[in-house]
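# Structural overview
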Amino acid sequence: MWNSGGVVLGYPSLMPRYLHHSARQGDLGPRELVAIGVGGMIGGGIFSILGLGVQIAGTGVVIALAIGGAVAMFAAYSYARLSATFPTDGASYTYISRAFPEHPTFGSVTGWTVILGYMGTLSLYAFTFGAYAGDLIGFGGNTAVRMVLSSSILLLLMAVNLGGARLTGTSEDIVVYTKIAILAVFGIAGLVATRDTLIVPVPDQGVGTIFIAGALIFVAYEGFQLVTNVVEETDNPARNVPRGMYTSVVIVTLIYVVLAYVAISALSVDQLIAAKEYALAAAAQPVLGEAGTILVGLAAILATSSAVNSTLFGASRMMAEMGSDRVMPSSFATRVTSGAPKTALVTLTVVGLGLSLAGSLEVIASFSSLTFLIVSLAVSVANMRLRKRTAATSWVVATGIALIATTIALLLWYLATRQPGDLIFVAVLYIAAVAAQQLFARHS
């Protein structure tokens, strides 16, 4: 809401920033935004948790991934409408704050929770990078080697991000489009090689399991919203941000569905479950031989490294925005000459590193999926509340809210009945995030 003096009520500093960023020529165009979105999604997801999805849904994992893509697309709609209306790097934190100005704590808690979620996904990507890189150099299953490699990739890409938006965007382009090419080769070769054994991806473990699997592996789609965290460094964000998100979700959904289909056609359900986080690499062996295993391992390394790159880039900008608004320590807004938020990048790297060394794959995946489902639900509610300003179509937003809420309920039910220890751990992390936010608010 604008007052007669051109000030956003309750947020006097925002109008100049909005006008400035809508007019500026940013470093990031459509190609970079798609790279950031795809890079954020095709990270640890399809490589590390395909086996987990098969364990829950069997051959129905293909349908589960398609459902996950649909949920992500509905969530992306709300992010796109809100980012066009509020073009700042605060993203979900900003959207919730604008939707509930009478409850400023809502936006602050959301922001702190999202950042913790990003730290969780950083640990997932680093974990998967270390596992696949270690396997490629002959140290598969060696925990010490995985930890060293996981630490190395986080520190390396922190340094890349400190170089600024142009360096990060260029490196992301190269890595992301290379891995898309590799996965496309594997997908096409896999369909050809398994043409005599292709099976119908039915929910052989029960219809309900495909929704549960889709909920648990939703982290595979976490990443499209990173595009909204770089609005302030994007050229023509009102046009390019929605295009970047929608395009990246479509590309990733197609890749996931094809790869999962090839996997269940190449190996039995039991074989894929036994392979655990190496399920996709195991499926490549009967398709392309040893070369296939190496190819998928290389794709995994590229995918996880680009996901770390995208997440560090987008999440650090969000932390900087929150630091500027004094809902996080103001030091997070400190930027180096390149424009990169130094303190935010270092903090994300250190905490993500700690989680990757201490957490298990399933706990990290559960926490990350649940976090971004909850945040996507909150953003969709915010879009519904602000639909007159965002020009959103009500039925689309309402459908998204229903789908996301159902997915959250299924994931909570699964954790409560099958993995209660994981649910307790996740709850402790949420309590810690809220406690940290409240402590900071009282002493700031």
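Residues numbered from 1 in each chain as written. Predicted model: local features only at pLDDT ≥ 70, side-chain atom pairs only at ≥ 80, totals over all residues. Heavy atoms only, no water.

### Things to note about the overall build of the protein chain
Within the protein chain, the secondary structure is distributed over 19 helices and zero strands. Since a compact globule built from 444 residues should have a radius of gyration of about 22 Å, the 21 Å found for the protein chain is in line with a globular shape. If you line up the protein chain on its principal axes, its C-alpha atoms span 70 × 45 × 40 Å. Counting across all 444 residues of the protein chain, residues that qualify as buried make up 58%. Summarising the internal contacts of the protein chain: among those between residues at least 6 apart in sequence, 82% fall at separations of at least 24. Here the protein chain has roughly 16300 Å² of accessible surface; of this, 67% comes from carbon and sulfur atoms. Put simply, the protein chain has 22 plus and 20 minus side-chain charges, and the middle of one group is 11 Å from the middle of the other. (Helix = DSSP H or I, 4+ residues; strand = E, 2+ residues; numbered from the N terminus. Rg over C-alpha atoms; globule rule 2.2 N^0.38 Å. Buried < 20%, exposed > 50% of the residue type's maximum accessible area, 1.4 Å probe, protein only. Contact = heavy atoms within 4.5 Å. Areas by Shrake-Rupley, 256 points an atom, 1.4 Å probe, with all protein chains shown as cover. Lys, Arg positive; Asp, Glu negative; His and termini not counted. Charge placed at Lys NZ, Arg CZ, Asp CG, Glu CD.)

### Here we look at the confidence of the model for the protein chain
On average, residues of the protein chain carry a pLDDT of 82, and 90% of them reach 70 or more. When the elements of the protein chain are averaged for pLDDT, helix α1 (residues 14-23) gives the smallest value, 37, and helix α17 (residues 387-390) the largest, 94. (pLDDT = per-residue confidence, 0-100.)

### Some thoughts on unusual backbone geometry
Its identity as a non-glycine residue notwithstanding, Asn 236 has a phi of 50°, on the positive side. By the element assignment, Asn 236 lies in the loop between α10 (207-216) and α11 (237-266). Take Asn 236: its relative accessible area is 30%, and that puts it in the partly exposed class. A positive phi is found at Ala 391, a non-glycine position, where the angle reads about 60°. The residue Ala 391 is located in the loop between α17 and α18 (394-418) in this model. When its relative accessible area of 55% is taken as the criterion, Ala 391 is described as exposed.

### Here we look at the packing of α10 against α18
Where α10 contacts α18, the axes come no closer than 8 Å and their chain directions differ by 90°. Put simply, α10 runs roughly perpendicular to α18. Residue-level inspection shows Phe 211, Ile 212, Ala 215 and Leu 216 of α10 in contact with α18, the latter providing Thr 407, Leu 410, Leu 411, Trp 413 and Tyr 414. Counted by class, the contact of α10 with α18 contains eight nonpolar, one polar and no charged residues. (Axes fitted to C-alpha atoms, helices over the stretch in contact; angles between N-to-C directions. Parallel < 35°, antiparallel > 145°, perpendicular 65-115°, else oblique. Nonpolar A, V, L, I, M, F, W, Y, C, P; charged D, E, K, R; others polar.)

### Structural notes on a nonpolar patch on the surface
Residues Leu 136, Ile 137, Phe 139, Ile 294 and Leu 298 make up a contiguous nonpolar surface patch of about 440 Å² in total accessible area. Checked against the element boundaries, Leu 298 lands in helix α14 (residues 290-324). (Patch = residues over 30% accessible without salt bridge, like charges linked within 9 Å, V, L, I, M, F, W, Y side chains within 5 Å. Salt bridge = Lys/Arg side-chain N within 4 Å of Asp/Glu carboxyl O.)

### Some points on helix α2 (residues 30-41)
Here α2 contains 12 residues, and its C-alpha end-to-end distance of 17 Å stays within 8% of the 16 Å for a straight helix at 1.5 Å per residue. Of all 12 residues that make up α2, 10 are buried, and the element is covered over most of its length. Turning to α2, its buried residues number three or more, namely Glu 32, Leu 33, Val 34, Ala 35, Ile 36, Gly 37, Val 38, Gly 39, Gly 40 and Met 41. (Expected span 1.5 Å × (residues − 1).)

### Points about the packing of helix α16 (residues 361-385) against helix α19 (residues 420-443)
Where α16 meets α19, the closest approach of the two axes is 10 Å, and the angle between their N-to-C directions is 55°. Relative to α19, α16 is oriented oblique. Helix-helix and strand crossings are classified by hand; for α16 and α19 the assignment is right-handed. Contacts between α16 and α19 involve Glu 362, Val 363, Phe 367, Leu 370, Thr 371 and Ile 374 from the first element and Asp 422, Phe 425, Val 426, Leu 429 and Tyr 430 from the second. Of the residues in the contact of α16 with α19, the class split is eight nonpolar, one polar and two charged. (Left-handed = near helix turned anticlockwise from the far one by under 90°.)

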